Structures are given as structure tokens and as C-alpha cells.
Amino acid sequence: MSSTEELLKRLGVIIDAGTLRLALTHRSYAYENGGIPTNERLEFLGDSILGFSVTDALYRDNPDLPEGELAKRRSAVVSTRALAGIGRSLGIGEYIYLGQGEKLTQGKNKASILADTMEALIGATYVSNDIETARQLVMRLIGPLLKDAAVLGAGTDWKTSIQELAASRQLGSIHYAVDGTGPDHARTFTAVLNIGGNAYGKGSGHSKKEAEQEAAADAWRVLSGAETRNAAGTSAGSVTAK
């Protein structure tokens with residue numbers, strides 16, 4: 001287990017040792033160690049603080065957006081995928097207490113475990129400090145995502161978003177080609193998204209679903225970028241097209 005001092009430095013907060021250990025204790029580890037407390041109560045608390053902090057920021061910063069769009073943006077940035085991405089960038093997986101089964105199946109890289117642990121750490125920050133400190137942590141972690149047009153535009157389900165986008169442009173049918181490598185307990189999957197016979201996106205993950213979502217997200221960004229470039233060319237008065 002790496003030094004938790006480094007973890008706290010990355011988070012930019014102070015959490016007392018007991019509360020921090022609790023926030024990092026997955027139920028698989030608790031089960032194998034006599035049924036000790038898990039991080040699930042802190043996760044419950046952190047989820048509420050996360051939701052409120054993001055809702056408050058969206059409401060204040062976007063006075064003209066309707067409720068539906070605000071809800072869509074909130075869902076995008078508090079999704080399991082978004083939180084797991086933050087967890088990976090901080091190296092949270094190396095600090096989580098996991099049972100042997102989860103260790104063998106690369107639990108430290110699973111999106112659900114990383115996202116749940118991030119919420120528990122937010123809850124732990126509140127317990128060890130106050131609501132304002134926890135809110136500031138949320139905004140440091142989530143703030144950049146609030147300005148990410150790709151994340152906000154596609155929401156939480158990239159596969160649905162890319163399907164809708166491909167259909168609106170009549171690009172053809174969608175097919176995911178997925179390959180797995182490595183031993184059963186530590187398998188990595190790679191997915192390529194083909195639309196109308198052309199490859200538009202590629203992704204990887206520790207499950208087929210995760211790899212497909214990553215490929216869909218990649219394709220969504222590619223197609224959205226092309227749309228933006230085409231719009232820019234049109235507005236510039238391009239005369240090269242015949």
C-alpha cells in the first residue's frame with residue numbers, strides 16, 4: 001500500500017487517518033477481515049455532497065439553461081465513468097483496500113469501484129473538515145468537466161449518443177469489434193466502433209462494456225469535431241465545394 005500522505009497531497013485536503021482508511025475500505029476487504037466497516041456509508045454521504053455541489057455550480061453559472069439541460073449536464077459529470085476517470089488520474093486504485101478476489105480481477109481499475117471510492121473520499125473530507133472544504137474538493141475535481149463540451153454534450157451513455165448522432169447523419173449501421181487479451185483474471189478488452197463499414201473510434205477497458213463505451217466516446221468526439229469544422233468552413237464562406 002502506497003503512503004496515504006501522497007494521496008492526501010493529490011486531493012489537497014486533510015483527512016484523519018481512521019476516516020481515510022474507512023473511505024478506502026472496499027466491502028470485499030471488509031468481508032475477508034471479519035466484517036469490519038466498509039466505505040459504503042461515506043460513499044452515500046459523498047454522493048449527496050457531490051450532487052448538491054455540482055447542481056449549485058450549474059444553477060449559478062448557467063442562468064439561462066432550462067431544467068432539462070441542467071439535469072443532463074449534472075448526470076454527465078457525476079457519472080460512474082466521469083468519476084472513475086478522475087480516480088484513475090489521481091491513482092486512487094493503488095490505495096484501495098481490496099479482497100483477494102477483487103485483486104485478482106484488477107478491482108483497482110474497475111470503474112464502479114473507483115467511482116464509489118471517489119464519493120467515499122468526498123464524504124470523508126466532509127466528516128474530517130466541513131461542508132465548504134468538501135465542496136471545494138468537488139469543484140477542483142469536477143470543475144474542469146463542467147467546461148468539457150464533449151462530456152456535457154453526450155451525457156452518460158456514449159453508445160446511445162453515438163447511435164443517435166450516426167442515425168441523424170445517415171451514416172449506416174453500427175458495429176463494435178471487440179477483442180480480449182491477457183489471462184482471465186486480468187483481461188483487457190479493445191473495441192473498435194465501425195459505422196457504415198468505416199472505423200470511427202477505438203477504446204479499451206477491463207470489460208467489453210467499458211471498452212465499447214470508450215470507443216463510442218472516441219467516435220462521438222471525432223464526428224462532433226468534424227461537424228464543428230464543417231460549420232466553421234461554411235460560416236467562412238468556403239467556395240471550394242462544387
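Take a nonpolar patch on the surface next. Nonpolar side chains collect at one region of the surface, where Tyr 126, Val 127 and Ile 131 lie side by side and expose about 260 Å² of accessible area between them. Note that Val 127 resides in helix α8 (residues 111-128). Assessed through its relative accessible area of 47%, Val 127 is described here as partly exposed.

Another point: empty space enclosed by the protein. Tallied over the entire structure, the rule returns one cavity of 30 Å³ or more. Of the volumes computed, that of the largest cavity is approximately 50 Å³. If you trace the largest cavity, you find it lined by His 26, Arg 27, Asn 39, Glu 40, Glu 43, Ile 113, Asp 116 and Thr 117. Listing elements by their share of the lining of the largest cavity, those giving two or more residues are α4 (40-61) and α8. At three residues, α8 tops the list of elements feeding residues into the lining of the largest cavity. Considered class by class, the residues forming the lining of the largest cavity number one nonpolar, three polar and four charged.

Relative to the elements of secondary structure, Glu 210 occurs in helix α12 (residues 208-235). Reaching out from Glu 210, the side chain makes a polar contact with the side chain of Arg 88 at a distance of 2.8 Å. In this structure Glu 210 touches Arg 88, Ser 204 and Gly 205, once residues within four positions along its chain are discounted.

Along the chain, Ala 191 turns up in strand β2 (residues 188-195). Those residues in contact with Ala 191 that lie beyond four places of it in its chain are Ala 177, Val 178, Gly 201, Lys 202, Gly 203, Ala 211, Glu 212 and Ala 215.

This paragraph deals with helix α5 (residues 67-77). Of the positions making up α5, those classed as buried are Leu 70, Ala 76 and Val 77. Buried residues along α5 cover an arc of 125° about the axis, so they all sit on one side.

Across the sheet, which stays open at both edges, the three strands sit in the order β1-β2-β3 with antiparallel pairing between neighbours. Two strands in the sheet have a free side with no partner beyond their single neighbour: β1 (174-181) and β3 (198-205). With direction set aside, neighbouring strand axes in the sheet form an average angle of 20°. Note that β2 and β3 share seven bridges and pair antiparallel. Each residue of the ladder has a partner; that of Ala 191, found in β3, is Gly 203. The sheet strands contacting helix α11 (residues 158-168) are β1 and β2, and the helix crosses β1 at an angle near 145°.

This part covers the packing of aromatic side chains. Evaluated as defined, the whole model comprises one aromatic pair. Taken together, a centroid distance of 5.3 Å and an interplanar angle of 50° make the contact between Tyr 29 and Tyr 97 tilted. Taken together, the residues span a long stretch of sequence, with Tyr 29 in helix α3 (residues 27-32) and Tyr 97 in the loop between α6 (80-90) and α7 (100-104) at a distance of 68 residues. As far as burial versus exposure is concerned, Tyr 29 and Tyr 97 are alike and both buried. Lying over the aromatic face of Tyr 97, Arg 21 brings its terminal NZ or CZ to 4.1 Å of the ring centre. Of note, Lys 159 hangs over the ring of Tyr 176, and the distance from its end group to the ring centre comes to 4.9 Å.

Thresholds applied
- Residues numbered from 1 in each chain as written.
- Predicted model: local features only at pLDDT ≥ 70, side-chain atom pairs only at ≥ 80, totals over all residues.
- Heavy atoms only, no water.
- Patch = residues over 30% accessible without salt bridge, like charges linked within 9 Å, V, L, I, M, F, W, Y side chains within 5 Å.
- Areas by Shrake-Rupley, 256 points an atom, 1.4 Å probe, with all protein chains shown as cover.
- Salt bridge = Lys/Arg side-chain N within 4 Å of Asp/Glu carboxyl O.
- Helix = DSSP H or I, 4+ residues; strand = E, 2+ residues; numbered from the N terminus.
- Buried < 20%, exposed > 50% of the residue type's maximum accessible area, 1.4 Å probe, protein only.
- 1 Å grid on protein atoms, 1.4 Å probe; cavity = no way out; pocket = protein on both sides within 12 Å on 5 of 7 lines; lining within 4 Å.
- Points joined across faces, edges and corners; volume = space filled by probe spheres on them.
- Nonpolar A, V, L, I, M, F, W, Y, C, P; charged D, E, K, R; others polar.
- Polar contact = N/O pair within 3.5 Å; in protein donor to acceptor, adjacent residues only side chain to side chain.
- Contact = heavy atoms within 4.5 Å.
- Arc of directions from axis to C-beta.
- Pairing = 2+ DSSP bridges.
- Axes fitted to C-alpha atoms, helices over the stretch in contact; angles between N-to-C directions.
- Phe/Tyr/Trp six-rings, centres within 6.5 Å; stacked < 30°, edge-to-face > 60°.
- Lys NZ or Arg CZ within 6 Å of the ring centre and 35° of its normal.

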